[in-house]
Amino acid sequence: MNRPLWLFATLWSLRQYPTRGREWAWTKKFAAIRAAKFDGVFSPPLPALAERGDLRYLAVTSLDDPKKVEPALRAAHALKPVAIDVQLGDYDSRLDDVVAVAVKIRDVARELALPFAIETHRNTFTETPEATVALCRAYRKTTGETLPLCLDHSHFAVVRHLARDAFWDYLKNPAELLNAATQFHLRPFNGHHCQIPVLDRHGRRTPEYRDWQVYAAALFTHLHTESGDTPVLAVPELGHAAPAYGLTGFGDTWLDAQVVARDLRRQWREIA
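Below is a short write-up of the structure. All values reported here derive from a predicted model rather than from experimental measurement.

Quick look at the pairing of strand 2 (residues 40-43)
Okay, step 1: Neither face of strand 2 is left uncovered, since the one carrying Gly-40 and Phe-42 and the one carrying Val-41 and Ser-43 both have all their residues buried.
Okay, step 2: Pairing of strand 1 (residues 5-10) with strand 2 involves three bridges; the strand directions are parallel. What sits directly across from Phe-8, in strand 2, is Gly-40.
Okay, step 3: With helix 1 (residues 26-35) bridging strand 1 and the parallel strand 2, this β-α-β connection has right-handed handedness.
Okay, step 4: Relative to strand 3 (residues 56-63), strand 2 is paired through four bridges, and the arrangement is parallel. When the sheet's bridge partners are listed, Phe-42 is paired in strand 3 with Leu-58.

Below, the structure written as structure tokens:
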């Protein structure tokens, strides 16, 4: 199987980059993303995205009310995305309420022919595996369909404080979540931090990042066993500022993001 891997650079990696006072212009950001050989850009709908040129667009939004769904999806649709990622509700939202939002997302997305996925993310309804399973099962009971997911395993790993040799063995379960995933956020993590440095001060890959690469290879091996030839949509989602996921001693966020993208492409080719 020759399934393509599409990598999207998050504009979060370039927010207030290299500093707040010297932040790059949009044209420079898009040029840097293109030069780094990303397939596209991951971002909320922003007018500047109309100037992205030949870069694909993967949209993201946050929704907690059915009334907000149509305006948000139409704003993204106007910028011609390949799909949209939705952060759903809050950690303390009621299950019935988020199912209603998810069903509305499905209906509007279907009308717009816009593929969607619900992201597993901190401070949303899906911040734990248990809550995500409950959502998926309730959605299936309501619609008879599988809820598409965007898996960001970094949040699940931190919730459980996973040991470095347990990432894949734990995160491959529940299988129903992995099998429902149509998008992935591949931010390097460990069991205590949902973002870790990729390079040390000497430009070498950190031991923690190498542990994470074992997880990424196992995920890619699994994805290559799936049938079909639809692209794998993945975001090496390293955040720079607002909010800042990095710690004071972390290195250059954008440099790290480029290294992750190159490593992921290599791993994908080697496993194919």
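Things to note about the packing of helix 2 (residues 66-77) against helix 3 (residues 95-112)
Okay, step 1: Running from N to C, helix 2 and helix 3 point in directions that differ by 35°, and their axes come no closer than 9 Å. The handedness of the crossing between helix 2 and helix 3 comes out as right-handed. The residues of helix 3 that touch helix 2, namely those facing Pro-66, Val-69, Glu-70, Leu-73, Arg-74 and His-77, are Ala-100, Val-101, Lys-104, Ile-105, Val-108, Ala-109, Glu-111 and Leu-112.

Quick look at the pattern of salt bridges
Okay, step 1: Per the counting criterion, the structure on display carries 22 salt bridges.
Okay, step 2: Between Asp-64 and Lys-68 there is a salt bridge, and its shortest N-O distance comes to 2.9 Å.
Okay, step 3: With a closest N to O distance of 3.9 Å, Arg-266 and Asp-263 form a salt bridge. Here the residue Arg-266 and the residue Asp-263 both occupy positions in helix 9 (residues 253-271), the gap between them amounting to three residues, near one helical turn.
Okay, step 4: With a relative accessible area of 31%, Arg-266 lands in the partly exposed category.
Okay, step 5: Note on Asp-263: relative accessible area 4%, which makes it buried.
Okay, step 6: Put simply, Arg-106, Asp-107, Arg-110 and Glu-145 are held in one network by salt bridges that share partners.

A look at helix 9
Okay, step 1: Look at helix 9: 27 Å from first C-alpha to last across 19 residues, which is about the 27 Å you get at 1.5 Å a residue.
Okay, step 2: Within helix 9 the residues assigned to the buried category are Thr-253, Trp-254, Asp-256, Ala-257, Gln-258, Val-259, Val-260, Ala-261, Asp-263, Leu-264, Gln-267 and Trp-268.
Okay, step 3: Next to the buried residues of helix 9 lie strand 1, helix 1, helix 8 (207-225) and strand 8 (232-235).
Okay, step 4: Of the residues flanking the start of helix 9, the one acting as N-cap is Asp-252, its side-chain oxygen 3.0 Å from the backbone nitrogen of Trp-254.

About the cut-offs
Residues numbered from 1 in each chain as written. Predicted model: local features only at pLDDT ≥ 70, side-chain atom pairs only at ≥ 80, totals over all residues. Heavy atoms only, no water. Buried < 20%, exposed > 50% of the residue type's maximum accessible area, 1.4 Å probe, protein only. Helix = DSSP H or I, 4+ residues; strand = E, 2+ residues; numbered from the N terminus. Pairing = 2+ DSSP bridges. Right-handed = clockwise from strand over helix to strand, strands pointing away. Axes fitted to C-alpha atoms, helices over the stretch in contact; angles between N-to-C directions. Left-handed = near helix turned anticlockwise from the far one by under 90°. Contact = heavy atoms within 4.5 Å. Salt bridge = Lys/Arg side-chain N within 4 Å of Asp/Glu carboxyl O. Expected span 1.5 Å × (residues − 1). Polar contact = N/O pair within 3.5 Å; in protein donor to acceptor, adjacent residues only side chain to side chain.

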